[in-house]
Amino acid sequence: MQNYAIDEKGYYGEFGGAYIPEILHKCVTDLKESYLRIMESEHFRQDYAQLLRDYVGRPSPLYHSKQLSGRYGCKIYLKREDLNHTGAHKINNTIGQILIAREMGKTRIIAETGAGQHGVATATVCALMQMPCTVYMGKTDVGRQQVNVKKMEMLGATVVPVTSGNMTLKDATNEAIRDWCTHPGDTHYIIGSTIGPHPYPDMVARLQSVISREIKEQLAREEGRDYPDYLFACVGGGSNAAGTIYHYLNDERVRIVLTEAGGRGVNSGESAATIHLGSTGILHGCRTLLMQTEDGQITEPYSISAGLDYPGVGPIHAHLASTGRAQVLAINDDEALQAAFDLTRNEGIIPALESAHALAALEKVTFSSGDIVVLTLSGRGEKDLETYFKY
Ligand SMILES: Cc1ncc(COP(=O)(O)O)c(C=O)c1O
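Figured I'd write up the structure that's included with this text.

What counts, and at which threshold
- Residues numbered from 1 in each chain as written.
- Predicted model: local features only at pLDDT ≥ 70, side-chain atom pairs only at ≥ 80, totals over all residues.
- Heavy atoms only, no water.
- Core = buried A, V, L, I, M, F, W, Y, C linked by side-chain atoms within 4.5 Å.
- Buried < 20%, exposed > 50% of the residue type's maximum accessible area, 1.4 Å probe, protein only.
- Domains from an automatic or database assignment.
- Contact = heavy atoms within 4.5 Å.
- Helix = DSSP H or I, 4+ residues; strand = E, 2+ residues; numbered from the N terminus.
- Pairing = 2+ DSSP bridges.
- Axes fitted to C-alpha atoms, helices over the stretch in contact; angles between N-to-C directions.
- Salt bridge = Lys/Arg side-chain N within 4 Å of Asp/Glu carboxyl O.

**A closer look at the nonpolar core**
Phe-44, Ile-95, Ile-98, Met-152, Trp-180, Met-203 and Leu-219 are the most contacted members of the largest nonpolar core, which totals 82 residues. Looking at this core, you find at least three residues from each of domain 1 (19–50 + 90–204) and domain 2 (59–88 + 209–390). In this structure Ile-95 touches Tyr-48, Leu-51, Tyr-55, Val-56 and Val-125, once residues within four positions along its chain are discounted. Membership of the second largest hydrophobic core comes to 35 residues, among which are Leu-329, Leu-337, Ala-339 and Ala-361.

Given below as structure tokens:
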């Protein structure tokens, strides 16, 4: 059986690694040498578990959606990451990373953000730990996620609008890396997804793996078996998906369905369907699939959803897609919007636009009546209300 775990050099098959400028070599190496030791220490485990329980509100419920189950003829559960403090799965990662940063003696935090959820989650833990925080955000996203910008500022973070490229997540990440290069000693860069140089994809996946650990326990209790037939999650950089599938990677009974943003259509020229459209290259410190021209220039992505509007994807997902372990579907803007309105009207839950991409994929899979399906609802829709009102 194929092993989908990361190897000791930080690769998932041919994807991953650490492609970084010399100036970052020491801080990335320090992190690589420290993260597992810290994460496995007793005091980290205790602090992390306690904050996840008392501050974030974990475990997040596994909610049996009768409405979706009836409609698709199987048993569908929603893993309710939208109910976490700050409204998405992103806080699972930022709490873990700030504890690691503190342990490593770092005194300043930087982050990139697309939808603003990771920015809010970072600003929140910085307020909690009293650390200064700078968040880079593309100007396009500053415009479409205003509430999150105001929240970050209220939490005490400095939000820097980025005006290069198409002013979205890729450009914010470029700028955060630039900042990191000029402050490699005192600054920890809290990357918000399973992207970046090794060890970030693995560290973020491990911190998000609380999602699949809980799914196992909850399914065992509810269904008398600890695995589903299907797992669904949306993929921007890939952190909620990595957390959802982490404990099931090598369990072939579990089919994995990942959804990326088709934008206005995969072949429309306005898309962020990286796995469908991408080829191998290096972006933000790792070898992965990315949208690029023949001569290696990054193609500007487009999605209605700021959190999925990224031309790369985590190396773990590039590997799962290229080995066929995961089925990857592209969901267009209009399909995601429809799925968001359906869940709102029929279940009373307003999902984040990102999560709506996973919901829309339920239409595209044929289930058997006994199937158990778990879909991660990565975030709540408050930040997307302006977009929803417009439609
Ligand atoms: C609610 C929500 N879901 C999903 C994503 C996509 O990120 P990832 O693929 O890392 O889970 C984001 C990113 O901002 C988000 O805010």
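**Details of helix α15 (residues 353–360)**
Of all eight residues in α15, eight are buried; the element is thus mostly enclosed. Among the residues making up α15, those that are buried are Leu-353, Glu-354, Ser-355, Ala-356, His-357, Ala-358, Leu-359 and Ala-360.

**Remarks on the sheet that holds strand β9 (residues 230–234)**
Taken in spatial order, the six strands line up as β3-β4-β14-β9-β10-β13 in an open sheet, and their pairing is mixed. One side of each edge strand has no neighbouring strand; the edge strands of this open sheet are β3 (62–64) and β13 (326–332). Strand-to-strand, the axes of this sheet are offset by a mean angle of 25°, without reference to chain direction. Here strand β10 (residues 255–263) runs beside β13; their pairing, made up of seven bridges, is parallel. Residue Val-257 lies in a different strand from β13, and its bridge partner there is Gln-327.

**Concerning the pattern of salt bridges**
Counting across every chain of the model gives 25 salt bridges. Of the charged contacts in the structure, one is a salt bridge between Arg-58 and Glu-214, with a shortest N-O distance of 2.8 Å. Here the residue Arg-58 occupies a position in the loop between α2 (42–56) and β3, and Glu-214 occupies one in helix α10 (residues 210–223), the gap between them amounting to 156 residues. The same class applies to Arg-58 as to Glu-214, namely buried. Salt-bridge contacts for Glu-354 lead to Lys-383; the nearest nitrogen and oxygen are separated by 2.7 Å. Here Glu-354 is found in helix α15, whereas its partner Lys-383 is found in the loop between β14 (372–377) and α16 (385–390), with 29 residues between them in sequence. You can call Lys-383 buried: its relative accessible area is 7%.

**Digging into the sheet that holds strand β8 (residues 187–189)**
In space, the four strands of this open sheet follow the order β7-β6-β5-β8, with parallel pairing throughout. One side of each edge strand has no neighbouring strand; the edge strands of this open sheet are β7 (158–162) and β8. Averaged over all neighbouring strand pairs, the angle between strand axes comes to 20°, with direction disregarded. Where strand β6 (residues 133–138) lies against β7, five bridges are found, and the strand directions are parallel. Across the sheet, the residue bridging to Thr-134 is Thr-158, located in β7.

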